[in-house]
Amino acid sequence: MANQASKSSQTSKSGLLFSGSDWDFKTLSRAYEAIEAIAIEELHLDVYPVQMEIISSQQMLDAYSSVGMPLMYRHWSFGKHFLYQELLYRKGGRGLAYELVINSNPCIVYLMEENTMALQALVTAHAALGHNHFFKNNHLFRQWTDASAILSYLDFAKGYIARCEERHGVAAVEAILDAAHALMEQGVFRYHRPPKLSSERQREGVRERLEYEERSYNDLWRTLPRSKDGTKASGTDLGMAERKKTLNLPEENLLYFLEKNSLVLEPWQREIIRIVRVVAQYFYPQRQTQVMNEGCATFVHYTLMNMLFDRGLISEGAMLEILRNHSNVIFQPGFDDPRFSGINPYALGLDMMQDIQRISTEPTAEDRDWFPDIAGNGNWRETLLDAWANHRDESFIRQYLSPALMRKWRFFILADAASEPHYEVASIHNERGYEKIRAGLAHSYDIGSSRPDIQVVDVDLLGDRQLRLEHKVKNGIMLEEASRDATLRHIRRLWGYEVSLAAIDAQTGGTLNERSTSQIGE
Amino acid sequence: MPIFVDRRLNPKDKSLGNRQRFLKRAREELKRSIRDRIRIGKIADVDSEHAVSMPARGTAEPSFSDAKDSGRRQHILPGNKHFAPGDRVPKPGQGGGGSSPGKTVSEDDFRFVLSREEVLDLFFEDLELPDMVKLNLKEILAFKPRRAGFAATGSPTNINVGRTMRHSHGRRIALRRPRREELDAIEKELAILEAEPQSAAAHQRITTLREELERLERRRKRIAYVDPVDIRFNRFDAQPVPNANAVMFCLMDVSGSMGEREKDLAKRFFVLLHLFLKRRYDRTEIVFIRHTHEAQEVDEETFFYNTQSGGTVVSTALEEMRRIIEQRYPSNEWNIYAAQASDGDNFVTDSERCIGLMDGQIMRLCQYFAYVEIIDERESHIFGSTDNGTSLWRAYSAVNQRWPNFQMSRIANAADIYPVFRQLFARQPAFQKNA
């Protein structure tokens, strides 16, 4: 074995991209060129230009704690996140990611200086090509994020918030940020695309918004005499319908609603809410495509590394190291394993993509039944490129999870009713269960349905100005009470007046309970 | 061709500011949690091996999230080995293993743990022992030498060799003391030349070498290897060591008028005092004395939890305290502290007797005597700041006039304890009370 290794390294020495574990910029660059060439030629990937940045482990922790962005405004929760990550890292509970990649144009990839050259090559294939291709081509990212503008926007945001802190004090800014962060989940447009950002228009927009705020502030006073020209004030159905229409109610984007309609916020506070909302929106596609994004990157690095090895461009030693890291990344313990903490998106994504590859090249009879469109089409590259471009996790799983893979993973469904002392096994990986498992798994990746559905339904601007929210309760799943109350308190801070939240049963339409900030207290 | 940027030289700790902001927040949280903790547990326990983990109240980031204990849901899990549809799986008990579906450690479960030292530091932030200064002046019992840099003079036992040699080396380099190797080289050359048959040139060379050799040797003699100016001594400062033992007397009236509320308040005060002393002294002891119409020394359990009733004769407790000091805690070895908690009910004659005991002996023996009167909440606004009050309060007011190391205060509810404690034990402007 040793003999063989030394022989092969000797024979192909001139052809190797690198030898040994040390890296330098020349080698990194050579490796990138080679990997990119294969990626484009063999996998037909289409990527943004790449900027590779070498950072230390400390800087990697820093980057983690600012939600992975190179630029971020200051807030204590990022510090908390840092300490938490550092604690895990120090205790050995968690290694650092080898890489971090930012959906921007050019695509920024962080490489850790501690990595060996073999790992750097792996990271290059994974992030600089895999993630990069996904960011550039997936329809969610194309529609919902603006890769070319995000960095300049964050630069603006950071500076803006720092200036607010100077002018209004850290505590005042913190209060707004705390409240806005609590509503980040409810601060995205799920169904219509947000307007594009550009740094120029952004600044223009700030000015416009400030003017708008002034106008709407005056509006408040102009509403006062209106009540005398007719007796129909706020109470009648007609008035309510009209009011809802002018306010665009119901509104699911709470942050947007508060930013536009709160009567107590000053212009700078609205701007901060807007910044939080823009950041939340930017990350929304990432959260919908975890399995696909990581699967794509993992599939790409695995495929590319094997191709490099087959062409004699990397040594056996390097390949062994790469495979060892690869298998760590895609480790998936079973549900009864103490290490189990949910489904590993790397593992599921990679397995599904390799499964697609298998179905299109060596389909079984079963595959032909389940996937008549792609089974045996022989063109796994195009099939995958198409899947990467046009799906999110939920639809990807719904479309492509095969019975063979469900058997391999030994998936099953546990039905969990809070009132019962036990779970019940609802379906397992058999003929009768495949559809249910696939639908259930897909459903669990649908953010729209797995997050609480909360909307602004009404507000009485001329009356007590109470803001009414509604929580559509599905399957009897209520909100966790302590954090619900704390969050309502935050909303009250932004709205300035009473806020109430009614839990409405999605099926019957009946009110299950109602909570108002007057019941909560400060 | 990718662009490469080396960011390693960029400033690290980009998140330092964020971390500081978080720690500042956490501190507030921590202080609150410590105060809560004092309420439960034994006096000595509070200071034992407790590491306080911070409940993430002020640092939690709430959001709307599903309650785990409601509704119906599905978990899709991998790794089925033997289940068939319809099988029932018991739910893991509360706090059960990590394998329960959908249960992952979230960031809000993250506890920010401080060591006991850090906790106490926080707790006693800017509290000072009232008469630390006086203690140093009055009874300097021992000096302990402490390293304090280097000196040019001193006794030979204190020579610091490393430092001395460093100086000597520097001086030798500066004065260009010829090195042994240079001499050796010349001698070697001389030996070779002298062994050969003599020529005029060689002779010339030998003479110059001889002269050079002589010059170097002279120079070596003049420039010593180690010179007295090189020598450095370790310097020690004598530091006064304060008396390192403290005993704390807890005196409490347990007559019928002291209810659960009063005892609880008293306990919290004693806990604070004990923690405080423990922080300052190597060894602290607590003596519990309770009294009705007669006083006795008891253990902590009895002190706080036994119900006994009877009349009230405060002076018995003071006498018991004096007796115990005589027996076990000679005042030249022990720093004696006393805290008395009472509702102030006493016979006027006995209060007079108390004044006598205090003035006569006890205040001379004590470093500090704190009297806390526990009053009814309804009375607090009446008695808040006046000198009117119970018989004991009036009696002690007289003591208060005469003795700078005596302090008294009133407590009406739990929230008062900490401020009162701070008032009693805060760094005082050198006892200028009646100066």
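Chain B has the name UPF0229 protein IHQ72_14175 in an unreviewed UniProt entry, where Mesorhizobium onobrychidis is given as its organism. Taken verbatim from the UniProt record of chain B, the Sequence similarities (unreviewed entry) comment is "Belongs to the UPF0229 family."

Looking at an unreviewed UniProt entry, one finds chain A named SpoVR family protein and attributed to Mesorhizobium onobrychidis.

(A) The arrangement of the environment of Arg277(A) in detail. Residue and element names in this part refer to chain A. Position of Arg-277 relative to the elements: it lies in helix H12 (residues 267-288). Owing to a relative accessible area of 7%, Arg-277 belongs among the buried residues under this scheme. Spatially, the C-alpha atom of Arg-277 lies 9.4 Å from that of Glu-259, the residues being 18 residues apart in sequence. Excluding residues that lie within four positions of it along the chain, Arg-277 makes contacts with Gly-187, Phe-189, Asn-253, Leu-255, Tyr-256 and Glu-259.

(B) How the structure looks around the sheet that holds strand E3 (residues 72-77) of chain B. The four strands are arranged E3(B)-E4(A)-E5(A)-E4(B) in an open sheet whose pairing can be described as antiparallel. Both outer strands of the open sheet, E3 and strand E4 (88-90) of chain B, are each paired with one neighbouring strand and no more. Between one strand and the next, the sheet's axes are offset by a mean angle of 30°, whatever the strand orientation. Pairing of strand E4 (residues 412-417) of chain A with strand E5 (residues 422-428) of chain A, which is carried by four bridges, proceeds in the antiparallel orientation. Bridge assignment links Leu414(A) to a residue of E5(A), and that residue is Val425(A).

(C) Spotlight on the packing of aromatic side chains. Counted according to the given criterion, the structure contains 26 aromatic pairs over all chains. Centroid distance Phe135(A) to Phe141(A): 5.0 Å. Interplanar angle 65°. Geometry classified as edge-to-face. Classification of Phe141(A) as buried rests on a relative accessible area of 1%. An aromatic cluster is built from Phe369(B), Tyr371(B), Trp393(B), Tyr396(B) and Phe406(B), whose rings are joined through pairwise contacts. Looking at Arg172(B), its charged tip hangs above the ring of Tyr225(B), at a distance of 3.7 Å from the centre. Positioned over the ring face of Trp393(B) is Arg410(B), at 3.7 Å from the centre of the ring.

(D) Layout of the confidence of the model for chain A. All names here are of chain A. This prediction gives chain A a mean pLDDT of 82; 86% of its residues lie at or above 70. Contacts for the low-pLDDT stretch residues 1-13, under 50 throughout, to residues beyond four places or in other chains number four contacts. The low-confidence segment residues 224-235 (pLDDT under 50) makes four contacts with residues lying over four places distant or belonging to another chain.

(E) View of the environment of Gln455(A). Residue and element names in this part refer to chain A. Within the secondary structure layout, Gln-455 lies in strand E6 (residues 453-459). Taking the C-alpha atoms as reference, Gln-455 lies 5.4 Å from Glu-470; in sequence the two are 15 residues apart. Not counting residues up to four positions away in its chain, the partners in contact with Gln-455 are Pro-250, Glu-251, Glu-252, Leu-254, Arg-468, Leu-469 and Glu-470.

(F) Representation of a negative patch on the surface. All names here are of chain B. A surface patch of negative charge is lined by Glu-187, Glu-211, Glu-214 and Glu-217. Per-element accounting of the negative patch gives the leading share, three residues, to helix H7 (residues 200-222). Its relative accessible area of 33% is what places Glu-217 among the partly exposed residues.

(G) Structural detail: the interface of chain A and chain B. Between chain A and chain B, the residue contacts involve 88 residues of the former and 65 residues of the latter. Contact between chain A and chain B buries roughly 7200 Å² in total, counting both sides, with carbon and sulfur atoms accounting for 58%. It is Trp76(A), Lys80(A) and Tyr423(A) in chain A that bury the most area against chain B; as a group they hold 11% of the surface buried on that side. Taken together, chain A and chain B are joined by six salt bridges.

Cut-offs and rules
Residues numbered from 1 in each chain as written. Chains lettered and ligands numbered in written order. Predicted model: local features only at pLDDT ≥ 70, side-chain atom pairs only at ≥ 80, totals over all residues. Heavy atoms only, no water. UniProt positions renumbered as here; feature names shortened; annotations may be inferred. Helix = DSSP H or I, 4+ residues; strand = E, 2+ residues; numbered from the N terminus. Buried < 20%, exposed > 50% of the residue type's maximum accessible area, 1.4 Å probe, protein only. Contact = heavy atoms within 4.5 Å. Pairing = 2+ DSSP bridges. Axes fitted to C-alpha atoms, helices over the stretch in contact; angles between N-to-C directions. Phe/Tyr/Trp six-rings, centres within 6.5 Å; stacked < 30°, edge-to-face > 60°. Lys NZ or Arg CZ within 6 Å of the ring centre and 35° of its normal. pLDDT = per-residue confidence, 0-100. Patch = residues over 30% accessible without salt bridge, like charges linked within 9 Å, V, L, I, M, F, W, Y side chains within 5 Å. Areas by Shrake-Rupley, 256 points an atom, 1.4 Å probe, with all protein chains shown as cover. Salt bridge = Lys/Arg side-chain N within 4 Å of Asp/Glu carboxyl O. Lys, Arg positive; Asp, Glu negative; His and termini not counted. Charge placed at Lys NZ, Arg CZ, Asp CG, Glu CD. Buried area = accessible area lost by both parts, 1.4 Å probe.

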